[in-house]
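# Structure assessment
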Amino acid sequence: MADAPRLRQGVGLLSVVALGMGLAVGVSIFSVIAPATALAGPAMLLAVVLAAVPMFIIAVTYAFMGSALPTAGASYEWPRRFLSPATGFMIAWLRIVGSVGAMLILALVLTRYVSMLTPVPTKPTMLAVFALVFGLNLVGVALAARVQTLLMGALVVLFVVFALWGAPSIKPAAFTPFMSEGWDGVLAATPLLIGLFFGIEAATEVGDEVRNSRRAIPIGVAASILSAMALYLMVAGVAIGVLGPEKLAASETPVLDAAAVFMGHKVAGPLIVVAAVLAIGKSLNALAMVFSRYLYAMARAGALPSALARIHPRFHTPHVALAVAFGFCCLGLLAPMNLTALFLAVNVPTLLKYGATCLAAV
């Protein structure tokens, strides 16, 4: 076994941060601002901070576990080792179903955004997106991680441009009264916003491939959640200040509508579509990396056929697990595109995963 190919450690600290933000800062930032503002008014900014509190607790747990026992497919390995093999097996399979649902959601929304610029067929485009993402991850984790970092950097640049361009158009009166809906509104909006931070722990799932993982994972997880919160507050603050809470609450495309006020529709449309495609693309890339590691970890532990634990002799990636994950996503294209059912398929396993990891840490 000493001569057998091993997973290559191609993920550095910057990529750990990009992986966490890659899954967390996705499609939600373009949609959840409006309903949260409808519930809390300008105080939805306070609700964002409150929503981060439980995720900080989970982040500390993941940072501890990622430092103590870095491993591929951590959400399977930790419950399997410290709770029971059956618990790890159940969590992993729920996460596999959830990962298929998440990949379908992201590919579907990405296709719809691309269609705003040029008409494209929905399911063939989704299939092409899956092929591109899994092909990238097959070639090597270092390349996939670099692409992730570049996409995340480009998205941050676009949001900073949005904030700086929009800052002069902010009306201070839009923030008064700040607690227009009282604490009831803030507390009602907080659960809605917790989902903004889901996936912040993504790098722990590729622990075997993180360089200096015992240090990089804790620092990276902490930096991810702080950076994501700052980004959300910046974008939401500009959107509220430019549109006002009433118009923002009624908007179906809040970031786009806010950008159109100070950029004009001709500039705002393509810019926000590009930002959305970058946000969703990096989430897909991170999710494909994480998804395949569940299958790899289960096969390595003997819970799935050993073929899934094979590592490509040249690229040092779990190529069979990547191919099977790609196959699951292709099969998912045959299912009806019901976003409500898909969101449930994603969120319920995620919450169970967090609970199992916390118990494993205890």
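For the structure given in this document, a descriptive report is provided here.

Turning to the overall build of the chain, a few remarks are in order. A count of helices and strands for the chain gives 14 helices and zero strands. The secondary structure elements of the chain, listed N-terminal to C-terminal, are α-α-α-α-α-α-α-α-α-α-α-α-α-α. Scaling as 2.2 N^0.38, a compact globule of 362 residues should have a C-alpha radius of gyration of about 21 Å, and the chain matches this with 20 Å. Expressed as lengths along the three principal axes of its C-alpha atoms, the size of the chain is roughly 65 × 45 × 35 Å. Classification of the 362 residues of the chain by burial places 54% in the buried group. Contacts spanning at least 24 positions in sequence make up 84% of the contacts within the chain whose residues lie at least 6 apart. By element, 71% of the accessible surface of the chain is carried by carbon and sulfur atoms, the whole surface being about 14,400 Å². With 20 positive and 11 negative side-chain charges, the chain shows a separation of 12 Å between the mean positions of the two kinds.

So, about the pattern of salt bridges. What the rule picks out here adds up to three salt bridges. One salt bridge connects Glu77 with Arg81, and the closest N-O pair in it is separated by 3.0 Å. With Glu77 and Arg81 both in helix α4 (residues 74-82), this residue pair falls four residues apart, about one helical turn. Judged by relative accessible area, Arg81 falls into the partly exposed class, the value being 44%. Counted as one network, the salt bridges with shared partners bring together Glu77, Arg80 and Arg81.

Let us look at the environment of Thr71. Among the structural elements, Thr71 can be located in the loop between α3 (44-68) and α4. Between the alpha carbons of Thr71 and Thr204 there is a distance of 7.2 Å; along the sequence they are 133 residues apart. Contact partners of Thr71, with chain neighbours within four places excluded, come to Glu77, Trp78, Arg81, Thr204, Glu205, Val206, Gly207, Asp208 and Arg300.

This brings us to the side chain of Ser99. Residue placement: Ser99 occurs in helix α5 (residues 85-115). Setting aside residues up to four positions removed in sequence, Ser99 forms contacts with Leu287, Phe291 and Tyr294.

Below, the discussion takes up the side chain of Glu201. Structurally, Glu201 can be placed in the loop between α8 (182-194) and α9 (213-243). A polar contact of 2.5 Å, which involves the side chain of Glu201, links it to the side chain of Lys353. Polar side-chain contacts of Glu201 include one of 2.9 Å to the side chain of Tyr354. Those residues in contact with Glu201 that sit more than four places away from it in its chain are Tyr62, Lys353 and Tyr354.

Reading guide: rules and limits
- Residues numbered from 1 in each chain as written.
- Predicted model: local features only at pLDDT ≥ 70, side-chain atom pairs only at ≥ 80, totals over all residues.
- Heavy atoms only, no water.
- Helix = DSSP H or I, 4+ residues; strand = E, 2+ residues; numbered from the N terminus.
- Rg over C-alpha atoms; globule rule 2.2 N^0.38 Å.
- Buried < 20%, exposed > 50% of the residue type's maximum accessible area, 1.4 Å probe, protein only.
- Contact = heavy atoms within 4.5 Å.
- Areas by Shrake-Rupley, 256 points an atom, 1.4 Å probe, with all protein chains shown as cover.
- Lys, Arg positive; Asp, Glu negative; His and termini not counted.
- Charge placed at Lys NZ, Arg CZ, Asp CG, Glu CD.
- Salt bridge = Lys/Arg side-chain N within 4 Å of Asp/Glu carboxyl O.
- Polar contact = N/O pair within 3.5 Å; in protein donor to acceptor, adjacent residues only side chain to side chain.

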